[in-house]
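Residue strings, one per chain:
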Amino acid sequence: MQAKRKLNIVYWAFPSWNGDYMKSTVELAKELAVKHRVLYIDYAYTLKDVLTAKSKPFMPVKRITGQAESLQEVKLENGGTIYVLSLPPIIPFNWAGNKTIYEILEGLNSTIVAGRVKRALKKIDFDTDVVVNAFNPFFGKATKKVFAGKPVLYYCYDNIDAAAWAAKHGARLEKDFMCSVDGVIFSSDALLENKASRAPKFVVKNGVDLRAFGEIKPTTSPGKNKVIGYTGTVDDRLDFELLENMIKAKPGFEFRFIGRVITPKAEALKKYSNVKFYGPVEPPTLPAMMKD
């Protein structure tokens, strides 16, 4: 039997490749890279990000600005190999409330990044078979333009309508993009049911790496406070009124939050002695923290 040939798969991603928390987009790309050639187009950092890089320890500044090779070949722990491409700094454009101004900046940014993407494809002789745009409708037009004639899938792993940072244009851009692609992948049945698209729709639910998390067993000693834990981003989507009522009603429980805090609403919870925020942690350290 003839072996199946490797596919050339492009991930035009919204999530950054580097970071201190686990991302489904990155994990799926890593798994695909075991049997296929994968090019991961990294998060598009802005000029403002470059100027404030000291506050962003995982940002690959030299690769973004061209001081180092923008295209990396990364050897993965699972035995695969993946290409990761850092884009040049773009013009901040999410601030623009006016649709016309936004689209002008969107077009300029598409031109800025397209050249680097095309050069990377040529450098590694990457004849693209399929493109996965991962939650990045902000570069939907650029995706379709750079990879004209290639099958494009949209990976929708969250509700963009509820994201404060995407409130001005995210829902509109996503809706338009989903109507232009060849298929949409959702991370839950609820997202599939609530999003309209003419393209075929699929569900690939989020999973867990059982090698890291399969053997977690609580180690809390008798007499210690019981712990209610949360892992993930702490943002405006959480019900802070409900959380505060729970914290006040259960003073004998410790409430532990592990993950990025990107909303000022969390400040109201820090006054309680039975609440602790740990911030983001490296994925390998998370199982041990969850055991305690």
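Refer to the structure printed above.
This is a predicted model, so every value here is computed, not measured.

1. Thoughts on the sheet that holds strand 4 (residues 81-85)
Alright, step 1. In spatial order, the strands read 3-4-2-1-5-6-7-8; together these 8 strands make up an open sheet with mixed pairing. Either end of the sheet is taken by a strand with one partner, and the two such strands are strand 3 (71-75) and strand 8 (201-203). Going across the sheet, the axis of each strand differs from the next one's by a mean of 25 degrees, ignoring polarity.
Alright, step 2. Sheet analysis places strand 5 (residues 130-134) next to strand 6 (residues 152-156), joined by 4 bridges and oriented parallel. Paired with Asn 133 across the two strands is Tyr 154, which belongs to strand 6.
Alright, step 3. Along the sheet, helix 1 (residues 24-32) contacts strand 1 (8-13), strand 2 (37-41), strand 4, strand 5 and strand 6; its crossing angle with strand 1, the most-contacted strand, is approximately 170 degrees.

2. A closer look at the pairing of strand 3
Alright, step 1. Sheet topology places strand 3 next to strand 4; 5 bridges connect them, and they run antiparallel. When the sheet's bridge partners are listed, Lys 75 is paired in strand 4 with Thr 81.
Alright, step 2. From the end of strand 3 to the start of strand 4, which pair antiparallel, there are 5 residues, and Gly 79 there has a positive phi angle of about 95 degrees.

3. A few points about helix 4 (residues 99-123)
Alright, step 1. With 25 residues, helix 4 should reach 36 Å at 1.5 Å per residue; the first-to-last C-alpha distance of 36 Å fits that figure.
Alright, step 2. Measuring from the side-chain oxygen of the N-cap residue of helix 4 to the backbone nitrogen of Thr 100 gives 2.9 Å; that N-cap residue is Asn 98.
Alright, step 3. In the stretch just after helix 4, Asp 125 is the one whose phi turns positive, near 50 degrees.

4. Concerning the packing of aromatic side chains
Alright, step 1. The tally for this structure, following the rule as stated, stands at 18 aromatic pairs.
Alright, step 2. A ring pair is formed by Trp 12 and Phe 139, whose centres lie 6.0 Å apart and whose planes are at 20 degrees; its orientation type is stacked. Of this pair, Trp 12 sits in strand 1 while Phe 139 sits in the loop between strand 5 and helix 5 (140-146), and the two are 127 residues apart along the sequence.
Alright, step 3. Owing to a relative accessible area of 1%, Trp 12 belongs among the buried residues under this scheme.
Alright, step 4. A ring pair is formed by Phe 14 and Phe 138, whose centres lie 6.1 Å apart and whose planes are at 45 degrees; its orientation type is tilted. In this pair, Phe 14 sits in the loop between strand 1 and helix 1 while Phe 138 sits in the loop between strand 5 and helix 5, placing the two residues 124 residues apart along the sequence.

5. Observations concerning the layout of surface pockets
Any empty space left between the atoms is revealed when a probe the size of a water molecule rolls over them.
Alright, step 1. Volume-wise, the second largest pocket comes out at about 740 Å³.
Alright, step 2. Lining the second largest pocket are 24 residues, and of these Met 22, Glu 27, Lys 30, Glu 77 and Pro 283 lie nearest its centre.
Alright, step 3. For the lining of the second largest pocket, the secondary structure elements donating two or more residues are helix 1, strand 3 and helix 8 (210-213).
Alright, step 4. Here the lining of the second largest pocket is composed, by residue class, of 12 nonpolar, 3 polar and 9 charged.

Reading guide: rules and limits
- Residues numbered from 1 in each chain as written.
- Predicted model: local features only at pLDDT ≥ 70, side-chain atom pairs only at ≥ 80, totals over all residues.
- Heavy atoms only, no water.
- Pairing = 2+ DSSP bridges.
- Helix = DSSP H or I, 4+ residues; strand = E, 2+ residues; numbered from the N terminus.
- Axes fitted to C-alpha atoms, helices over the stretch in contact; angles between N-to-C directions.
- Contact = heavy atoms within 4.5 Å.
- Expected span 1.5 Å × (residues − 1).
- Polar contact = N/O pair within 3.5 Å; in protein donor to acceptor, adjacent residues only side chain to side chain.
- Phe/Tyr/Trp six-rings, centres within 6.5 Å; stacked < 30°, edge-to-face > 60°.
- Buried < 20%, exposed > 50% of the residue type's maximum accessible area, 1.4 Å probe, protein only.
- 1 Å grid on protein atoms, 1.4 Å probe; cavity = no way out; pocket = protein on both sides within 12 Å on 5 of 7 lines; lining within 4 Å.
- Points joined across faces, edges and corners; volume = space filled by probe spheres on them.
- Nonpolar A, V, L, I, M, F, W, Y, C, P; charged D, E, K, R; others polar.

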